[in-house]
Amino acid sequence: MQHAVGSPLPPPHQPGHGPATGWSPAAHHPSGPPPGAAPGGPPPPAPGFAGAPHPPGTAPHPQGAHPQGPAPHAHAPAPQHPAPAAPQHGAVSQHTHAPGAPVPPTPDTTGHIQLPPGGPVAMPSPPPGTARADTGATTLAVLLIGPAGAGKTSVAKYWAEHRRVPTAHISLDDVREWVRSGFADPQSGWNDHSEAQYRLARRTCGFAARNFLANGISCILDDAVFPDRPVVGLGGWKRHVGPGLLPVVLLPGLEIVLERNAERSGNRRLTDEEVARIHGRMAGWYGSGLPIIDNSQLDVPATAQVLDDVLARSIASPPQW
């Protein structure tokens, strides 16, 4: 029986015996017809044989150069058939490896990164001597305090986006509004329900800040913390974040706050009376020892620059609170 050009020949076998051990037609013709079936065309070349490059110094078999197999009753010894070689010139199959070559390691998958746990944030170390602290390259935890309309969120976002080290911004109002059904809006009245959601949001912010800081990411938080409400005041923030939290008060004039509040919409917009009441209570921060920025005449970039200056002084001489 004549075989396709380039295909290996089956070894002879004795009458009444199957093919020689170690040789399988399927191994050399995986897509060929079963034995005894009429061939429907030449089978596709197996890897390393037909169509594969020939090793240097050897010539390909010409068409029809394969001799016929020995007669059924011939007693010639079975020829040895070496294992198919891998394709040459680097054309190794995706599922085959050259003999003796190391098997490439399986690529790592996600989900195995060990993150350090968060802990209380410590006060950043002041620079040696009289040098000014480089706040742009220091990992910090900052709390920006101010009334509604003070520009806390805008300044915090800008400051976080323009630092040289990774920095996150967390707004307590945003976290509190994660509650979509059953949200206790403080504008509808301050009660046990709204206070519980406030405390939960503050604790969530503190947990996030600790984990950001533990992984080398600075964090700036913003909240309307009242100086005359210790129950929801700075003590809770210090407890949830750590003693290294740097509070800064943003307190523009009342007319500026009213103008900015008028540009708001939804539940973020307060009545003028409520804005004036909150602004008056925020004035209690004067004399508290916390740094205060009056950004009445400053735009957002200029306020962020002043914030950097204030933080540099806070690192050198931490505020007592």
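All values reported here derive from a predicted model rather than from experimental measurement.

What counts, and at which threshold
Residues numbered from 1 in each chain as written. Predicted model: local features only at pLDDT ≥ 70, side-chain atom pairs only at ≥ 80, totals over all residues. Heavy atoms only, no water. Patch = residues over 30% accessible without salt bridge, like charges linked within 9 Å, V, L, I, M, F, W, Y side chains within 5 Å. Areas by Shrake-Rupley, 256 points an atom, 1.4 Å probe, with all protein chains shown as cover. Salt bridge = Lys/Arg side-chain N within 4 Å of Asp/Glu carboxyl O. Lys, Arg positive; Asp, Glu negative; His and termini not counted. Charge placed at Lys NZ, Arg CZ, Asp CG, Glu CD. Helix = DSSP H or I, 4+ residues; strand = E, 2+ residues; numbered from the N terminus. Axes fitted to C-alpha atoms, helices over the stretch in contact; angles between N-to-C directions. Parallel < 35°, antiparallel > 145°, perpendicular 65-115°, else oblique. Contact = heavy atoms within 4.5 Å. Nonpolar A, V, L, I, M, F, W, Y, C, P; charged D, E, K, R; others polar. Buried < 20%, exposed > 50% of the residue type's maximum accessible area, 1.4 Å probe, protein only. Arc of directions from axis to C-beta. Pairing = 2+ DSSP bridges. Left-handed = near helix turned anticlockwise from the far one by under 90°. Core = buried A, V, L, I, M, F, W, Y, C linked by side-chain atoms within 4.5 Å. Disulfide = S-S within 2.5 Å. pLDDT = per-residue confidence, 0-100.

**Details of a negative patch on the surface**
Phase 1 of the analysis: The grouping of Glu255, Glu259, Glu263 and Asp294 at the surface amounts to a negative patch.
Phase 2 of the analysis: Structurally, the position occupied by Glu259 is in helix H6 (residues 254-262).

**Quick notes on the packing of helix H2 (residues 152-161) against helix H8 (residues 300-316)**
Phase 1 of the analysis: With their axes 9 Å apart at the nearest point, H2 and H8 run at an angle of 70 degrees to one another. Judged by the inter-axis angle, H2 sits roughly perpendicular to H8. Each of Ser154, Val155, Tyr158 and Trp159 in H2 lies in contact with H8, whose residues at this interface are Val300, Pro301, Thr303, Ala304, Leu307, Asp308 and Leu311.
Phase 2 of the analysis: In the contact of H2 with H8, the residues fall into eight nonpolar, two polar and one charged.

**A few points about helix H7 (residues 272-282)**
Phase 1 of the analysis: For H7, the full list of buried residues reads Val275, Ile278, His279, Arg281 and Met282. Buried positions in H7, seen along its axis, are confined to an arc of 160 degrees and lie on one side of it.
Phase 2 of the analysis: Among the structural elements, strand S1 (141-145) and H6 are those in contact with the buried residues of H7.

**Digging into the pairing of S1**
Phase 1 of the analysis: The buried fraction of S1 amounts to five of the five residues, a majority that puts the element mostly inside the structure.
Phase 2 of the analysis: Bridge analysis of S1 against strand S3 (residues 218-223) gives five bridges, and the strand direction is parallel. Residue pairing for S3: Val142 is matched across the bridge by Ile220.
Phase 3 of the analysis: Sheet topology places S1 next to strand S4 (residues 246-250); four bridges connect them, and they run parallel. Each residue of the ladder has a partner; that of Leu144, found in S4, is Val248.

**Re the packing of H6 against H7**
Two quantities define a packed helix pair, namely the angle between the axes and the distance from one axis to the other.
Phase 1 of the analysis: Here H6 crosses H7 at 140 degrees, and the two axes come no closer than 10 Å. Here H7 runs oblique to H6, going by the angle between their axes. Classified by chirality, the crossing of H7 by H6 is right-handed. Residue-level inspection shows Leu254, Val257, Leu258 and Asn261 of H6 in contact with H7, the latter providing Asp272, Val275, Ala276 and His279.

**Some words on the nonpolar core**
In a soluble, globular protein the nonpolar side chains are often hidden away together inside.
Phase 1 of the analysis: Of all hydrophobic cores here, the largest spans 31 residues; its most connected members are Leu143, Ile145, Leu221, Trp237 and Trp285.
Phase 2 of the analysis: Beyond its immediate sequence surroundings of up to four residues, Trp285 is in contact with Ile145, Val225, Phe226, Pro227, Leu234, Val249, Leu290 and Ile292.
Phase 3 of the analysis: Of all hydrophobic cores here, the second largest spans 19 residues; its members include Trp159, Leu246, Leu250 and Ala312.

**Regarding the state of the cysteines**
Disulfide: a covalent bond formed between the sulfur atoms of two cysteine residues.
Phase 1 of the analysis: Scanning the model with the defined rule gives zero disulfides in all.
Phase 2 of the analysis: Left without a disulfide partner, Cys205 is nearest to the cysteine sulfur of Cys219, which lies 8.2 Å away.
Phase 3 of the analysis: Residue classification places Cys205 among the buried residues on the basis of a relative accessible area of 1%.

**Structural notes on the side chain of Arg176**
Phase 1 of the analysis: Note on placement: Arg176 falls in helix H3 (residues 172-176).
Phase 2 of the analysis: Residues contacting Arg176, with those up to four places away along its chain left out, are Phe183, Pro186, Gln197, Tyr198 and Ala201.

**Here we look at the pairing of S4**
Phase 1 of the analysis: With five of five residues buried, S4 is to be regarded as a mostly interior element.
Phase 2 of the analysis: In S4, alternate side chains face the same way, and those of Leu246, Val248 and Leu250 on one face and Pro247 and Val249 on the other are all buried.
Phase 3 of the analysis: Two elements, S4 and strand S5 (residues 292-293), share two bridges in a ladder whose sense is parallel. Directly across from Leu250, in S5, lies its bridge partner Ile293.

**Considerations on the confidence of the model for the protein chain**
Phase 1 of the analysis: In the predicted model, the protein chain carries a mean pLDDT of 77, and 65% of its residues have values of at least 70.
Phase 2 of the analysis: Segment residues 69-74 is flagged for pLDDT under 50; beyond a separation of four residues in sequence, or across chains, it makes five contacts in the model.

**Considering helix H5 (residues 234-241)**
Along an α-helix, residues three or four apart share an orientation, since each turn contains 3.6 residues.
Phase 1 of the analysis: Every buried residue of H5 is listed here: Leu234, Gly236, Trp237, His240 and Val241. Along the axis of H5, the buried residues cluster in a sector spanning 160 degrees; they form a single face.
Phase 2 of the analysis: Its buried side turned inward, H5 meets S1, H3, helix H4 (192-214), S3 and S4.
Phase 3 of the analysis: Of the residues one or two after H5, Gly242 is the one with positive phi, at around 140 degrees.

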